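Each chain, written out:
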Amino acid sequence: MVLELWTSVSNAIAGLTGRKETPLIGIDISATSVKLVELSEGSNKTLRLDRYASEPLPRGAMSDGNIEDIAQVSETIRRVIAKSGTKIKKVSLGMPSSAVITKRIVLTGGVSEESLEMQVESEASQYIPFALDEVRLDFCVIDRAPNFTDEVEVMLAASRKEKIEDRVAVAESAGLKSVVMDIDSYAARSAVSRIIAQSDNGGRDKIIALFQIGAKLTNISVLLNDQTVYEREQSFGGNQLTQEIARSYGLSFEEAEFKKKSEELPDGYEEDILRPFLETAALEVTRAIQFFFTSTPYNHIDQIYLAGGGSVLPGLLDIVASRTKILTEIINPFKGMELSPGLREKQLHSDAPSYLIACGLAMRRFD
């Protein structure tokens, strides 16, 4: 088995397909769409947002994070590349957290890279429920092990070969070369950490809860000093609202999704359909917070960030803040970046929360 060294960012791991190269674009393949972000270095070493674009995926192209139709996903990637106008062919892709096994292990330090790789391979079989020849395995050294001067703490990560190969295949079919394979939750954390760093005192010692509300799932991460102290996934997302719109007005799912986004719905929609959904969403958030309190030593949260397509629903921010009594904000992963002259700030403000993972993937260019 070949071990491929992951390139690590502070407190993050990545690289299942090998070492990064620059420049590159970030492409997030989610359950319902493909999103692209291209970043470059702006003035005064700030980041510059050059391009971003999104294209919807046909229903059934993805299922539970797996690519079901390579041709449809590849065609969607080609469309999003054309829409964005990017000329970059190297790409950073993401893997859903559920498809990657991660484990912190302690190994003998002060040895060559080859010796460390042999140790990782030897230890990996204890933590991976598959034959090692069925997985792509990688690792990065995090730090010296606590209280030991001759040992190091290593983050081990592994995923089934076919899951990685499917993503590589769709990129290649679209004319791209995948040079980094990150984990979605790590990519999101990289983007969030950049935003937290812009807050008072760099967000030091603040407990931050991130709720990524997608089409089918809500991913919850709680961060403290750039470390993830809690993660959970809940079966709740914007598709539930779309399905209720479709049922109530006799529409197809696609028609209901279009009318939801364009806000072309009959009088009474906000009170009869949207409001109950927002109440349910707020309840999901408060339940997740209570579960965090009962599952960890922590008993408070300093700030909530909302992300994902579902986060921009009218009224959601206010109802979550009201129910939780916690400072709540819809995250903009492009905050503080220079913007290409061709970008419209008003549209970007609306779109930005959906691009958290894609932004984190694009940031791999600067590791």
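See the structure above.
The following paragraphs examine the structure supplied in this document. (Residues numbered from 1 in each chain as written. Predicted model: local features only at pLDDT ≥ 70, side-chain atom pairs only at ≥ 80, totals over all residues. Heavy atoms only, no water.)

## Here's the deal with the sheet that holds strand S12 (residues 218–224)
Piece 1. Across the sheet, 5 strands lie side by side as S13-S12-S11-S14-S15; this open sheet has mixed pairing. Strands at the two margins of the open sheet, each flanked by one partner only, are strand S13 (227–234) and strand S15 (327–330). Strand after strand, the sheet turns through a mean of 20° between neighbouring axes, direction not considered.
Piece 2. Taken strand by strand, helix H7 (residues 269–295) contacts strand S11 (207–213), S12, S13 and strand S14 (303–307), and its axis lies near 130° from that of S13.
Piece 3. Where helix H8 (residues 316–324) meets the sheet, it contacts S11, S14 and S15, and its direction lies at approximately 160° from that of S15. (Pairing = 2+ DSSP bridges. Helix = DSSP H or I, 4+ residues; strand = E, 2+ residues; numbered from the N terminus. Axes fitted to C-alpha atoms, helices over the stretch in contact; angles between N-to-C directions. Contact = heavy atoms within 4.5 Å.)

## Description of the nonpolar core
Piece 1. Formed by 33 residues in total, the largest nonpolar core has its most connected members in Phe211, Leu241, Ile301, Ile304, Leu316 and Val320.
Piece 2. Elements that contribute at least two residues to this core include exactly S11, S12, helix H5 (239–249), H7, S14 and H8.
Piece 3. The element that contributes the greatest number of residues to this core is H7, accounting for 11 residues.
Piece 4. The contact partners of Leu316, leaving out residues within four places of it in the chain, are Ile213, Leu278, Ala281, Leu306, Gly310 and Ser311.
Piece 5. If you look at the next biggest cluster of nonpolar residues, it comprises 32 residues, including Ala53, Ile77, Ala157 and Ile183. (Core = buried A, V, L, I, M, F, W, Y, C linked by side-chain atoms within 4.5 Å. Buried < 20%, exposed > 50% of the residue type's maximum accessible area, 1.4 Å probe, protein only.)

## Concerning helix H2 (residues 113–124)
Piece 1. Spanning 12 residues, H2 covers 16 Å between terminal C-alpha atoms, matching the ideal 16 Å at 1.5 Å per step.
Piece 2. Taken residue by residue, H2 has Leu116, Glu117, Gln119, Val120 and Ala124 as its buried positions. Summarising the axial view, the buried residues of H2 lie within an arc of 160°, below the 170-degree limit, and thus occupy one face. The outward face of H2, more than 90 degrees from its buried face, is lined by the exposed residues Glu114 and Met118. (Expected span 1.5 Å × (residues − 1). Arc of directions from axis to C-beta.)

## Overview of helix H1 (residues 70–84)
In an α-helix, one turn spans 3.6 residues, which is why side chains three or four residues apart end up on the same side.
Piece 1. For H1, which comprises 15 residues, the first-to-last C-alpha distance of 21 Å matches the rise-based estimate of 21 Å (1.5 Å per residue) to within 8%.
Piece 2. Buried residues of H1: Val73, Ser74, Thr76, Ile77, Val80, Ile81 and Ser84, and no others. All buried residues of H1 fall inside an arc of 160° around its axis, so they share one side. For H1, the exposed residues set more than 90 degrees away from the buried face come down to Ala71, Ala82 and Lys83.
Piece 3. Summarising the contacts, the buried residues of H1 are in contact with strand S1 (25–29), strand S2 (33–41), strand S3 (47–56), strand S4 (62–63), strand S5 (66–67) and helix H3 (161–173).
Piece 4. The opening residue of H1 is Asp69, an N-cap whose side-chain oxygen sits 3.2 Å from the backbone nitrogen of Ala71.
Piece 5. At the exit of H1 stands Gly85, carrying a positive phi of roughly 85°. (Polar contact = N/O pair within 3.5 Å; in protein donor to acceptor, adjacent residues only side chain to side chain.)

## Examining the packing of H5 against H7
Piece 1. Relative orientation of the contacting elements H5 and H7 amounts to 150°, with a least axis distance of 10 Å. In terms of axis orientation, H5 runs roughly antiparallel to H7. Once H5 is placed against H7, the crossing between them reads as right-handed. Contact residues: H5 offers Gln240, Leu241, Glu244, Ile245, Ser248 and Tyr249, while H7 offers Tyr269, Ile273, Leu274 and Phe277.
Piece 2. Taken together, the residues of the contact of H5 with H7 break down into 7 nonpolar, 2 polar and 1 charged. (Parallel < 35°, antiparallel > 145°, perpendicular 65-115°, else oblique. Left-handed = near helix turned anticlockwise from the far one by under 90°. Nonpolar A, V, L, I, M, F, W, Y, C, P; charged D, E, K, R; others polar.)

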